[in-house]
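Here is what each chain is made of, one letter per residue.
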Amino acid sequence: MAADTAALIERIRRDPEFIALGRRRSRLAWSLSAAMAAIYFGFILLVAFAPGWLATPVGDGATTIGIPLGIGVILSAFVLTGLYVRRANRDFDPAIQRIIERLT
Amino acid sequence: MNVEAIVMFLIFVATTLVITRWAASRVRTASDFYAAGGGITGFQNGLAIAGDYMSAASFLGISGLVFASGFDGLIYSVGWLVGWPIVLFLIAEPLRNLGRYTFADVAAFRLQATPIRTLSAVGTLAVVAFYLIAQMVGAGKLIELLFGLPYFYAEIIVGVLMVTYVATGGMVATTWVQIIKACLLLGGATFMALAVLVYFSFSPDAMFEAATDAHPDGLSILGPGKLVNDPISAVSLGLALMFGTAGLPHILMRFFTVRDAKAARKSVLYATGFIGYFYILTFIIGFGAITLLMGDPSYFTAGDGGVHDRINGLIGGTNMAAVHLSKAVGGSLFLGFISAVAFATILAVVAGLTLAGASAVSHDLYANVFARGRTSETTEVRISKISAVVIGVVAIVLGYVFEKQNVAFMVGLAFAVAASCNFPVLLMSILWRGTTTRGAVAGGFAGLVSAVGMVLLSPAVWVKTFGFETAIFPYDSPALFSMTIAFLGIWLVSKLDRSAAADAERAAYEAQAVRSETGIGVGSAAAH
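Residues numbered from 1 in each chain as written. Chains lettered and ligands numbered in written order. Predicted model: local features only at pLDDT ≥ 70, side-chain atom pairs only at ≥ 80, totals over all residues.

Quick look at the overall build of chain A
Then, in step 1: Counting secondary structure elements, chain A contains four helices and zero strands.
Then, in step 2: Reading the helices (α) and strands (β) of chain A from amino to carboxyl end gives α-α-α-α.
Then, in step 3: Computed over the C-alpha atoms, the radius of gyration of chain A is 22 Å, more than 25% above the 13 Å expected from 2.2 N^0.38 for a compact globule of 104 residues.
Then, in step 4: Seen through its principal axes, chain A has C-alpha atoms that stretch 70 × 25 × 20 Å.
Then, in step 5: Counting every position in chain A, which comprises 104 residues, the buried fraction comes to 26%.
Then, in step 6: Pairs at least 24 residues apart make up 61% of the contacts formed inside chain A by residues separated by at least 6 positions. (Helix = DSSP H or I, 4+ residues; strand = E, 2+ residues; numbered from the N terminus. Rg over C-alpha atoms; globule rule 2.2 N^0.38 Å. Buried ≥ 20, exposed ≤ 12 C-beta atoms within 10 Å, placed from the backbone. Contact = placed C-beta atoms within 7 Å.)

So, in structure tokens, the structure goes:
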């Protein structure tokens, strides 16, 4: 059983479809991580360098630009996780299943 | 004495003890004890993660920060949240597919067990200790204030309950305590935020308008204030919050309680949703407290000439803003409910920390370093239970010793260590082929030591706690520097490592990557 698993892993490791899948997956993971970091650190740098702009009211109300922007960062975190989960469920999981079935 | 609060808290304790008894009857194997047998669903785990993460510090602390300085509170809550997507994108699935009970299982997958598990256990215990001290001291003061119980009794109650949950019910009990607490906290916070919004006919703008009228700082509370002074501090704090989340051992452990990578993913999605929603609520609660409390002298200690200090005069300090608001919107019954929820929140978080610490001692240090695998599951679980008791006693003692100290920096220190030791070692072992044992150990220890050292020499500790004139290290958050040291250390020492063991470790990377991506041969906690 253990030897079977080791052999299967060896076949998967060399499989072109698996290698392509690994690239797709890591490209998505790193792009989404970079997007999250850019959104967050963009917000932090605005806080550090443009506090006056963040404190400008939206329209004629009291609400300032910074408030919807901050809430937006919170929502973006949820949206980005949602994007990843959808892609993983629809693309990565079935692809891995196919590869394993083909090589077993 | 707050009778409603005590009654509601007793109901919570009774419920959780019944659950713990039920859990104890189901905990038979090591997998049941450490990982609830892998039988938690993605949704349940999402709630439990949210429960582990939404500490009393974040509920009372962030709403208190919003109360005191408005917009600045939002900067903090955003930082606490953005680590979650990173956890999902980079480590959640490999963690589930490669590990069984602790994150060291993953880091030591192809690296040498003894040094890596020792490092991970030290990193885990450091994070647990700092976080636990902050929680225990906060708990004692809060309970003293809310329930009128003496500080030392409060410490003992918290310590005894957390040890009871962990030592008898293991991960099953701990998980259900988290889930119940998460539901209570989300429910209570939702009610409070709704009450505030109803008061302003669902117009946030009217709420902000009223807040600027009530707050002594006026309009400036709607923009960035004093929290962030310079870009380096801001980025450094941001890094600690973002990546510290991905290195907290009690959070990482939660990924072993679900069946597979798909459930692990789902749990992060739910957790991010619940936590993000919760932070939006705390923002509304903070502003609600400004508008509804600041004009009412009954919530403040009287100042000179009958004029109260509208921020620091708040009875019990600014951290009590949410608690006072609960009375303002829901009367003494709801005040009792929120007080009991705050207590439950502390209990749930310290239980999670205790389990993480006990697992590091039994699974990493005892079973894999000391006994080198030559032990039985029964012995390992027994060691874990004994460790939980020891951690409980130590926590009570430390909580007592640190009573009069300023421990606000301890949570920051826990996040800094998590971001500079646990996270780099875990990430590099999963994602970089070139990582070797020597590299991981050197970089991980360098990150740990530099994070702790820089925090000790920082303004928050060196000046405000030790009372020296000027700080030796200029920034309160070391993460920008200590994380760089850790990652560079791992990279450089791994590159220079020419040993035969290092070649074997690099060669083992592809097989690890296959398991990590496919879940083949997953040491499933469910398979027993």
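Examining the overall build of chain B
Then, in step 1: What chain B contains, in helices and strands, is 21 helices and zero strands.
Then, in step 2: A compact globule built from 528 residues would reach a C-alpha radius of gyration of about 24 Å, and chain B, at 23 Å, matches this within 12%.
Then, in step 3: Seen through its C-alpha atoms, chain B measures out along the principal axes to roughly 75 × 50 × 40 Å.
Then, in step 4: By residue count, 64% of the 528 residues in chain B fall in the buried class.

Side note on the interface of chain A and chain B
Quoted interface sizes are often the accessible area lost when the parts come together.
Then, in step 1: Taken together, the contacts link 44 residues of chain A with 45 residues of chain B.
Then, in step 2: Only helix 1 (2–14), helix 2 (16–49), helix 3 (51–54) and helix 4 (66–103) of chain A provide two or more residues apiece to the side of chain A that touches chain B.
Then, in step 3: When residues of the side of chain A that touches chain B are assigned to their parent elements, the largest contribution, 18 residues, is made by helix 4 of chain A.
Then, in step 4: Here the residues of the side of chain A that touches chain B are counted per class, giving 30 nonpolar, eleven polar and three charged. (Nonpolar A, V, L, I, M, F, W, Y, C, P; charged D, E, K, R; others polar.)

Notes on the nonpolar core
Residues and elements named next belong to chain B.
Then, in step 1: Ranked by internal contacts, the top residues of the largest apolar core, which has 233 residues, are F130, A342 and V417.
Then, in step 2: In terms of residues, this core owes the most to one element, helix 14 (residues 321–370), which gives 29 residues.
Then, in step 3: Ignoring any residue separated from it by four or fewer positions in sequence, one finds A342 in contact with A56, F59, L60, L142, L146 and V323. (Core = buried A, V, L, I, M, F, W, Y, C linked by C-beta atoms within 7 Å.)

Notes on the environment of B:G169
All names here are of chain B.
Then, in step 1: The residue G169 is located in helix 9 (residues 151–199) in this model.
Then, in step 2: Each C-alpha atom of the pair G169 and D32 lies 9.2 Å from the other, and the pair is 137 residues apart in sequence.
Then, in step 3: When neighbours within four sequence positions are excluded, G169 is seen to be in contact with T20, A23, A24, V27 and T174.

With respect to unusual backbone geometry
Then, in step 1: Positioned with a positive phi, B:A36 is a non-glycine residue whose angle comes to about 50°.
Then, in step 2: Tracing the backbone shows B:A36 in the loop between helix 2 (30–35) and helix 3 (42–53).

What to know about the confidence of the model for chain A
Then, in step 1: In this model, chain A carries an average pLDDT of 92, and 98% of its residues clear a pLDDT of 70 or more.
Then, in step 2: In the model of chain A, helix 1 of chain A stands out as the element of lowest mean pLDDT, 85, in contrast to helix 4 of chain A, which has the highest, 94. (pLDDT = per-residue confidence, 0-100.)

Description of the packing of helix 8 (residues 113–147) of chain B against helix 15 (residues 377–401) of chain B
All names here are of chain B.
Then, in step 1: Here helix 8 crosses helix 15 at 65°, and the two axes come no closer than 9 Å. Crossing of helix 8 over helix 15 shows right-handed handedness. Here helix 8 contributes L132, I133, M136, V137 and G140 to the contact with helix 15, which in turn contributes A395, L398 and G399.
Then, in step 2: Class assignment for the residues of the contact of helix 8 with helix 15 results in six nonpolar, two polar and no charged. (Axes fitted to C-alpha atoms, helices over the stretch in contact; angles between N-to-C directions. Left-handed = near helix turned anticlockwise from the far one by under 90°.)

Some points on the confidence of the model for chain B
Residue and element names in this part refer to chain B.
Then, in step 1: Summary statistics for chain B give a mean pLDDT of 91 and a share of 98% for residues scoring 70 or more.
Then, in step 2: The low-confidence segment residues 524–528 (pLDDT under 50) makes 13 contacts with residues lying over four places distant or belonging to another chain.
Then, in step 3: Reported confidences for the modelled complex are a pTM of 0.93 and an ipTM of 0.94.

Structural notes on the environment of B:Y400
All names here are of chain B.
Then, in step 1: In this fold, Y400 is placed in helix 15.
Then, in step 2: For Y400, a count of 16 C-beta atoms within 10 Å puts it in the partly exposed group.
Then, in step 3: Along the primary structure Y400 and I156 are separated by 244 residues, whereas in three dimensions their C-alpha atoms are 9.6 Å apart.
Then, in step 4: Not counting the four nearest positions on each side in its chain, Y400 is found in contact with F152 and E155.

So, helix 19 (residues 479–496) of chain B
Three or four residues apart is the spacing at which side chains of an α-helix point the same way, because the helix has 3.6 residues per turn.
Then, in step 1: Here helix 19 of chain B spans 25 Å end to end across 18 residues, near enough to the 26 Å set by a 1.5 Å rise per residue.
Then, in step 2: The secondary structure elements touched by the buried residues of helix 19 of chain B are helix 11 (231–244), helix 16 (408–431) and helix 17 (437–456) of chain B. (Expected span 1.5 Å × (residues − 1).)

Regarding the packing of helix 8 of chain B against helix 17 of chain B
Any two packed helices are characterised by how steeply their axes cross, that is the angle between the axes, and by the distance between the axes.
All names here are of chain B.
Then, in step 1: Two elements in contact, helix 8 and helix 17, have axes separated by 9 Å at closest approach and are oriented at 20°. Judged by the inter-axis angle, helix 8 sits roughly parallel to helix 17. Helix 8 and helix 17 meet at a crossing whose hand is left-handed. Between helix 8 and helix 17, the residues in contact are P115, I116, L119, V122, G123 and A126 and T437, A440, V441, G444, F445 and L448, respectively.
Then, in step 2: Among the residues forming the contact of helix 8 with helix 17, the class breakdown is nine nonpolar, three polar and no charged. (Parallel < 35°, antiparallel > 145°, perpendicular 65-115°, else oblique.)

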